[in-house]
Amino acid sequence: MTAYILYAISFLIHIIIWWYRFKPITLPGVPHWPNGHFLWGDLLRLRKILQNNGSFTDFLDLSASTLGPICQIRLGPLAHMVIITDYMEMESLLLRRHQSLDRSSQTTGLFKTILPRALLTLKTGQVWRHRRRAMGSAMTPRFLALTMPNITGSAQDLVRLWKKKNDLSRGRSWQTEKDLESATMDAICGMAFDKSWDVVPSYIDQLERINTHTDGGTVEIGDRDEMMFRLEAPDLAKSTWYIFKAVPVQSPFPAFTHFFTRLKPSYLYHVKRIDDFLSGKLYEARKCILTTSHEVGLEVADNALDLLVAKGMQEGDEAMSDDGIKQELLQYLLAGTETSSTTLAWWCKFMTNNPSIQTKLRGHLLERLPENSDMNMNFDDLSPASVPYLEAVVHETLRMARTAGGFLRDTKEDMMILGHHILKGTTLAFPTSIGCEECSPVDHKRPKLPSTESRHTTDHDQKRRVGYWDYGTGNIFDPERWLTEDGRFNPTAGPSLPFSLGQRRCFGKNLALLELRVFIAQLNLSFFFAPIPADQNRFDRLDNVISHPKDCFIRPIPWARRDASC
Ligand code: HEM
């Protein structure tokens, strides 16, 4: 009998321990959704949003706008996040209190599967610092200016592709995310290894071989009366996309899921193909540098690989290993293509819906760019000072696109945030909605600012580095908001954090901005984005780490043809 009682007590103790171990964590005092499930927390609420075509980003935004500038969501027994949407507090945490934070293990867990030892996944420390210093030379204005022709060439290939598609589609629209991803991959490959994979030129080749308008399944009309082009990418591009798709975005156990992915022969095949390519490139670069000195190598390097190899020679024993260089180059492709192409996809949608902004941008570029540039603008031609309205369009696109729906940090120690005690090991989420809305509900908000005089009066406001957007205008695409009265671009006109802030902010920001300037200038000068049917013009999101538009139909018409038809 006593044994039964002891068994029962021990069973009860196990249940209680299990319950405390696995029940969703709730930080006292930090607002949260009421009536969370005893085990799944707010996961059921999230599921409802996903079922209604919403995204995880929508859930973050809704939580912040309903619960306040600091709130928590409980994603079942395994994940818990504190969401911060007070702009001043975000800046303070990311810029000044960053020693208490690090890249979140949720982010590293996801990307470690394909990039176990790259900038993106390293925890902040000596190795990360050394990497960031070494890679930093690839983001200087001098280097970017040198490698810019790779971007210009890829943008011009895209213009040729769209002209060809336009000829074949007889006024129909087509989905364009793949075109953009291919073009940015060509640009990034050129910058990374001085040799583009010619993905877009290979599409043009395939289209040029078509004789009729609906030939052999390459060109078809889709369910929504759009034109569909079935084009084959070169092998290296296909393998890269295959590897990127293996990032276990939807899995609650990324390492576990990836363990099984790694057993697939097709995965191993594509990884080997890319690894062989990178090893070959590295071998060639090393051979080349042996014929010269590292000083000369650093001076003439016009791609990231040559730069890293020359830097390695300069550093001797401290140099990055071959594995490190290959990881960083693969990361260049991963972080540098889909982010920029998705931002451009959003830009196409914003242009389609804002004809007057397209016309204004074209007028601005025609007026400001040197007459003889003949579409081959140089680095200074596209600087914010030379073409401020272009810069305003780029920043407005980033603000509204929210390509990264947010970014995460883990706390390395107990902290006080907005008056709440946040435990060590908590994941903090910083949604990029901060650029579109002041997310807090009315009673948590800073005092409403009806007039400009009241804007800089309080202490809180005096410390603020950036201005405010006019109340209620956050969701309107309006590049003018970034311009001063005399037409100059003002980067601190209002809140917007597409690349995050502080020491773990986006490493590729300068390159991304240059890519966007070049692509947007080339595409705007070449095409008018004509209206599309309402059922192709939705703004729903698909969150896949990057926040994609679910649909990206376009109907670009060369300006000459459009002007003739007006
Ligand atoms: C429009 C384009 C882009 C956007 C919106 C974007 C956004 C971001 C964001 C939000 C982060 C996380 C920052 C954080 O956690 O605080 C990040 C990190 C990073 N990005 Fe980008 N990015 C873009 C383009 C690029 C490009 C072109 C490259 C490189 C070729 C790049 C390389 C990286 C790297 C290496 C990191 C990790 C940095 C570190 O932890 O040290 N990104 N990016």
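Just so we're clear, the structure is a prediction, and the values are computed from it rather than from any experiment.

Chemist: Explain the sheet that holds strand β10 (residues 427–431) to me, please; I cannot follow it from the model alone.
Modeler: Backbone-to-backbone hydrogen bonds pair the strands of a sheet. The strands run either parallel or antiparallel. Taken in spatial order, the 5 strands make up an open sheet running β1-β2-β10-β7-β3, and their pairing is mixed. Only two strands of the sheet have a single neighbouring strand rather than two, namely β1 (70–75) and β3 (101–103). The mean angle between the axes of side-by-side strands here comes to 35°, regardless of whether they run parallel or antiparallel. Of the strand pairs in this sheet, strand β7 (residues 406–411) and β10 are connected by 5 bridges, and their pairing is antiparallel. Across the sheet, Asp410 pairs through a bridge with Thr427, a residue of β10. Along the sheet, helix α4 (residues 87–96) makes contact with β2 (79–84), β3, β7 and β10, crossing β10 at roughly 125°.

Chemist: What is the right way to read the packing of aromatic side chains from this model?
Modeler: Any pair of aromatic rings gets described here by the distance separating the centres and the angle formed by the planes. Per the counting criterion, the structure on display carries 18 aromatic pairs. When the centroid spacing of 6.2 Å and the interplanar angle of 20° are considered together, the rings of Phe193 and Trp197 count as stacked. Accessibility classification places Phe193 together with Trp197 in one group, the buried group. Ring centres 5.4 Å apart and planes at 80° place the aromatic pair Trp197 and Phe277 in the edge-to-face group.

Chemist: Looking at this model, I keep getting lost on the site of the ligand. Mind explaining?
Modeler: The immediate surroundings of the ligand are formed by 26 residues, with Arg103, Arg132, Arg409, Ser500 and Cys506 found nearest. Between the ligand and Arg103 there is a distance of 2.4 Å, counted from an oxygen atom to a side-chain nitrogen or oxygen. Contacts to the ligand include Arg132, whose side-chain N or O atom sits 2.6 Å from an oxygen atom. Looking at which element gives the most residues to the shell around the ligand, the answer is helix α15 (residues 322–352), with 7 residues. Here the shell around the ligand is composed, by residue class, of 14 nonpolar, 7 polar and 5 charged.

Chemist: Please explain empty space enclosed by the protein as it appears in this structure.
Modeler: Any empty space left between atoms is shown by rolling a water-sized probe over those atoms. This model, assessed by the stated rule, comprises 4 cavities of 30 Å³ or more. Within this model, the largest cavity holds a volume of roughly 60 Å³. When residues of the lining of the largest cavity are traced back to their parent elements, those giving at least two are α4 and β3. Taken together, the residues of the lining of the largest cavity break down into 4 nonpolar, 3 polar and 3 charged.

Chemist: Can you help me understand a positive patch on the surface in this one?
Modeler: Taken together, Lys112, Lys123, Arg129, Arg133 and Lys412 make up a surface patch of like positive charges. Secondary-structure assignment places Arg133 in helix α6 (residues 126–136). Residue Arg133 is classed as exposed on the basis of its relative accessible area of 59%.

Chemist: When you look at the nonpolar core in this model, what are you seeing that I'm missing?
Modeler: As a rule of thumb, nonpolar side chains are buried together in soluble globular proteins. Membership of the largest hydrophobic core comes to 110 residues, with the highest contact counts inside it found for Trp162, Phe193, Trp197, Tyr332, Leu382, Leu390 and Ile520. The biggest single contributor to this core is α15, with 13 residues. Ignoring anything within four residues of it in the chain, the contact list for Leu390 reads Leu361, His364, Leu365, Leu382, Arg517, Ile520 and Ala521.

Chemist: How do you make sense of unusual backbone geometry when you look at a structure like this?
Modeler: Peptide bonds are, in most cases, trans, and in most cases residues other than glycine have a negative phi. With a phi angle near 65°, Asp194 is a residue other than glycine that sits in the positive phi range. Structurally, Asp194 can be placed in the loop between α8 (177–193) and α9 (199–208). A relative accessible area of 42% places Asp194 in the partly exposed class. Phi at Asp198 is positive, roughly 50°, even though this residue is not glycine. Summarising the element assignment, Asp198 is placed in the loop between α8 and α9.

Analysis parameters
Residues numbered from 1 in each chain as written. Predicted model: local features only at pLDDT ≥ 70, side-chain atom pairs only at ≥ 80, totals over all residues. Heavy atoms only, no water. Pairing = 2+ DSSP bridges. Helix = DSSP H or I, 4+ residues; strand = E, 2+ residues; numbered from the N terminus. Axes fitted to C-alpha atoms, helices over the stretch in contact; angles between N-to-C directions. Contact = heavy atoms within 4.5 Å. Phe/Tyr/Trp six-rings, centres within 6.5 Å; stacked < 30°, edge-to-face > 60°. Buried < 20%, exposed > 50% of the residue type's maximum accessible area, 1.4 Å probe, protein only. Near = heavy atom within 4 Å. Polar contact = N/O pair within 3.5 Å; in protein donor to acceptor, adjacent residues only side chain to side chain. Nonpolar A, V, L, I, M, F, W, Y, C, P; charged D, E, K, R; others polar. 1 Å grid on protein atoms, 1.4 Å probe; cavity = no way out; pocket = protein on both sides within 12 Å on 5 of 7 lines; lining within 4 Å. Points joined across faces, edges and corners; volume = space filled by probe spheres on them. Patch = residues over 30% accessible without salt bridge, like charges linked within 9 Å, V, L, I, M, F, W, Y side chains within 5 Å. Areas by Shrake-Rupley, 256 points an atom, 1.4 Å probe, with all protein chains shown as cover. Salt bridge = Lys/Arg side-chain N within 4 Å of Asp/Glu carboxyl O. Lys, Arg positive; Asp, Glu negative; His and termini not counted. Charge placed at Lys NZ, Arg CZ, Asp CG, Glu CD. Core = buried A, V, L, I, M, F, W, Y, C linked by side-chain atoms within 4.5 Å.

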